[in-house]
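Architecture at a glance
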Amino acid sequence: MPRRSDQRPGRSPPSDRVVRLRIEELALDGDGMGRIGTYLVFVPGTIPGEEVEAEIGRRGESHGRAKLVRVLSPSPHRVVPRCRHFGDCGGCSLQHIEYAEQLRLKEAMVRSHLGHALRAEVPVRPALGLDDPFGFRNKVHFNVGRGAEGEAVLGHLAARSRRLVPVAECPVHADAGNRVAFRLGGLLRRFHVAPAEGDPPTRGVARHVLARVSEASGETQVVLVVCRDRFPGRDALAEAMLSGPGGATGVHLNLNDREGSLVLGRETIHLGGKDRLVEEIGGVQFLVSPVSFFQTGIRGARLLLGEVLSAVGEGGGPVLDLYAGVGLFALPLAKTGRPVVAVEENPLSVRDGIHGVKRNGLKGVRFVRARVEDQVRRLAGEGEFEVAVLDPPREGASEKVLRLVAGAIRPRRIVYVSCDLRSLARDLKLLATLGFRLRSAVPVDMFPHTSHVETVATLTR
Ligand SMILES: C[S@@+](CC[C@H](N)C(=O)[O-])C[C@H]1O[C@@H](n2cnc3c(N)ncnc32)[C@H](O)[C@@H]1O
């Protein structure tokens, strides 16, 4: 019989293989965390408040990972996961938790993580969630792997692994996205396009299938990521993908022959149909190329945009939008009458952004194609910015960028949009030393059923 966790104080790993634990909180990767004395044990598939029995596998000095053996006292928020692949597939980690509770847990994660970094009570508002937490991913992604006969199959990777879990459904994807992606999977088999093998790939062709579906226009854009751009059946496959009811409106090939887990390579070839897709958010139309960054879920993007617009506020002063993408914030901000300078390094995103400006008949917004690091000082010399919006990738902003924004741009307000709590905490800590105080942090649930937390943080000087 495993002993209760609180009977075993100490930093060293417990000697028992199977232990009994009370789950205290969710760790950043979605695992439940309990303690044996001061030794931390992380157990996937558990919920704070639950008493569980778990088998410790990998043991570090201060913490270990365990497999859930059984739940001794289930949380009232435990639900039956909707997806048949949950648990095996690494895509979702929280489908066993009622959605309203997922939102409360994300709010608690933000409060605890930022509070710890800033050593203060932080003003976290309740997380904004989706009305329906399924079918929300307008951008769908599958890995291509090898089936029993060596044929191409679509799936997701298992958690913390490169093992492919073939999937027959993915209920977090928009239905139309699944349909078009599975159709491409079927065509890979029909035209004998083999899955890529090796890392870097040395045999086969297909690595990933991506599809984006527009809520506004109904267009579907598919991208087949391959490790060689010439292969038998390529043009016939593209033609079949574009034809008939349920066909895609645009088909692209992306060449990625490099080692590692980055999905997209540098070169994209337009095989047929439309070269871009049109989406609409907040009354603004956006043009999106297959390799431009655009938020994965449109319903989440609407919530995010609403938060950013209200954080920027109602004044009319100029806004500097750093890491702008195709202008998800810049274009609607320009529509409110504010002058906007948008900085983005990806040339295709900038091209999409400029076309978006024209398409919407907007005035007063200027895109600058550059690395933020190289532009901020020059832009500071061009005039004053009332607000700086920062939406960097997962790694956050560099110290150089934050020092330049705080010291040279000196906006009255910074709106920092983050998809990673670790880098957000680090950057808010630095901004605090540079005179910017956190006024509010709002989690926006862009990725239900995963532990990812998007946060809009508003700071004032
Ligand atoms: C998280 S996305 C945000 C895009 C946009 N705000 C949106 O919500 O659609 C980050 C963007 O920053 C761009 N980016 C990454 N590093 C950059 C850098 N050092 N300088 C300029 N842009 C960068 C990426 O190409 C990407 O479009």
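Residues numbered from 1 in each chain as written. Predicted model: local features only at pLDDT ≥ 70, side-chain atom pairs only at ≥ 80, totals over all residues. Heavy atoms only, no water.

Here we come to the overall build of the protein. Counting secondary structure elements, the protein contains nine helices and 22 strands. At 24 Å, the protein has a C-alpha radius of gyration in line with the 23 Å of a compact globule built from 461 residues. Overall, the protein is about 70 × 60 × 40 Å in size when its C-alpha atoms are taken along their principal axes. Buried positions account for 54% of the 461 residues belonging to the protein. Restricting the contact set of the protein to residue pairs at least 6 apart, pairs at least 24 apart contribute 64%. Carbon together with sulfur atoms contributes 50% to the accessible area of the protein, which is approximately 20300 Å² in total. Taking the average location of the 66 positive side-chain charges in the protein and that of its 53 negative ones, the two points are 2 Å from each other. (Helix = DSSP H or I, 4+ residues; strand = E, 2+ residues; numbered from the N terminus. Rg over C-alpha atoms; globule rule 2.2 N^0.38 Å. Buried < 20%, exposed > 50% of the residue type's maximum accessible area, 1.4 Å probe, protein only. Contact = heavy atoms within 4.5 Å. Areas by Shrake-Rupley, 256 points an atom, 1.4 Å probe, with all protein chains shown as cover. Lys, Arg positive; Asp, Glu negative; His and termini not counted. Charge placed at Lys NZ, Arg CZ, Asp CG, Glu CD.)

Attention now moves to the nonpolar core. Core analysis: the largest hydrophobic core is formed by 45 residues, its most contacted members being Leu114, Leu322, Leu390, Tyr416, Leu431 and Leu459. Once residues within four sequence positions are removed from consideration, Leu390 is found in contact with Leu322, Tyr323, Ala397, Leu402, Val405, Ile414, Val415, Tyr416 and Val417. In terms of nonpolar packing, the next biggest core, distinct from the first, is built from 38 residues, Val144, Val172, Met241 and Val251 among them. (Core = buried A, V, L, I, M, F, W, Y, C linked by side-chain atoms within 4.5 Å.)

This paragraph deals with the domain arrangement of the protein. Partitioning the protein into structural domains gives domain 1 (5-73), domain 2 (111-130 + 297-460) and domain 3 (139-279). The straight-line distance from the C-alpha centre of domain 2 to that of domain 3 is 32 Å. Listed by partner, the interface residues are eight residues for domain 2 and six residues for domain 3. A buried area of about 600 Å², summed over both sides, lies between domain 2 and domain 3, and 49% of it is on carbon and sulfur atoms. (Domains from an automatic or database assignment. Buried area = accessible area lost by both parts, 1.4 Å probe.)

With that out of the way, let us pick up the packing of aromatic side chains. Applying the stated rule across the entire model yields two aromatic pairs. On the numbers, 5.1 Å between centres and 40° between planes, the contact of Phe142 with Phe182 is tilted. Here the residue Phe142 occupies a position in strand β7 (residues 139-146), and Phe182 occupies one in helix α2 (residues 175-190), the gap between them amounting to 40 residues. Judged by centre distance (5.6 Å) and plane angle (50°), the ring pair of Phe286 and Phe294 falls under tilted. With relative accessibility at 1%, the residue Phe286 sits in the buried group. (Phe/Tyr/Trp six-rings, centres within 6.5 Å; stacked < 30°, edge-to-face > 60°.)

What follows covers helix α7 (residues 372-380). Buried within α7 we find Val372, Gln375, Val376 and Leu379. Projected onto a plane normal to the axis of α7, the buried residues spread over an arc of 115° and lie on a single side. Relative to its buried face, α7 has exposed residues pointing more than 90 degrees away, namely Asp374 and Arg377. Considering only its buried residues, α7 is in contact with β16 (319-322), β17 (340-344), β18 (365-369) and α8 (399-409). (Arc of directions from axis to C-beta.)

Taken together, the seven strands give an open sheet; going across it, the order is β9-β8-β7-β10-β11-β12-β13, and neighbouring strands pair in mixed fashion. What marks the edges here is a single partner per strand, and that holds for β9 (164-166) and β13 (267-273). Neighbour to neighbour, the strand axes of the sheet diverge by 35° on average, direction disregarded. Across the face of the sheet, α2 comes into contact with β7, β8 (152-157), β10 (206-213) and β11 (220-226) while running at roughly 150° to β10. (Pairing = 2+ DSSP bridges. Axes fitted to C-alpha atoms, helices over the stretch in contact; angles between N-to-C directions.)

What the rule picks out here adds up to 32 salt bridges. The residue Arg234 makes a salt bridge to Asp235 at a minimum N-O spacing of 3.4 Å. Here Asp352 and Arg276 are joined by a salt bridge, their closest N and O atoms 3.2 Å apart. One end of the pair, Asp352, is in helix α6 (residues 347-359); the other, Arg276, is in the loop between β13 and β14 (277-281), and 76 residues separate them in sequence. As far as burial versus exposure is concerned, Asp352 and Arg276 are alike and both buried. Beyond isolated ion pairs, a larger network of salt bridges with shared partners links Asp29, Asp31, Arg65 and Arg160. (Salt bridge = Lys/Arg side-chain N within 4 Å of Asp/Glu carboxyl O.)

A few words now on the site of the ligand. Neighbouring the ligand are 17 residues; Gln295, Glu344, Val372, Glu373 and Asp391 lie closest to it. Contact with the protein chains hides 91% of the accessible area of the ligand, taken as 600 Å² for the molecule alone. Among the residues forming the shell around the ligand, the class breakdown is nine nonpolar, three polar and five charged. (Near = heavy atom within 4 Å. Nonpolar A, V, L, I, M, F, W, Y, C, P; charged D, E, K, R; others polar.)

This part covers the side chain of Ser451. Within the secondary structure, Ser451 sits in the loop between β21 (437-444) and β22 (454-460). Polar side-chain contacts of Ser451 include one of 3.0 Å to the backbone oxygen of Leu28. Ignoring sequence-local partners within four residues, the contact set of Ser451 consists of Leu28, Asp29, Gly30, Ser93, Leu94, Lys106 and Met109. (Polar contact = N/O pair within 3.5 Å; in protein donor to acceptor, adjacent residues only side chain to side chain.)

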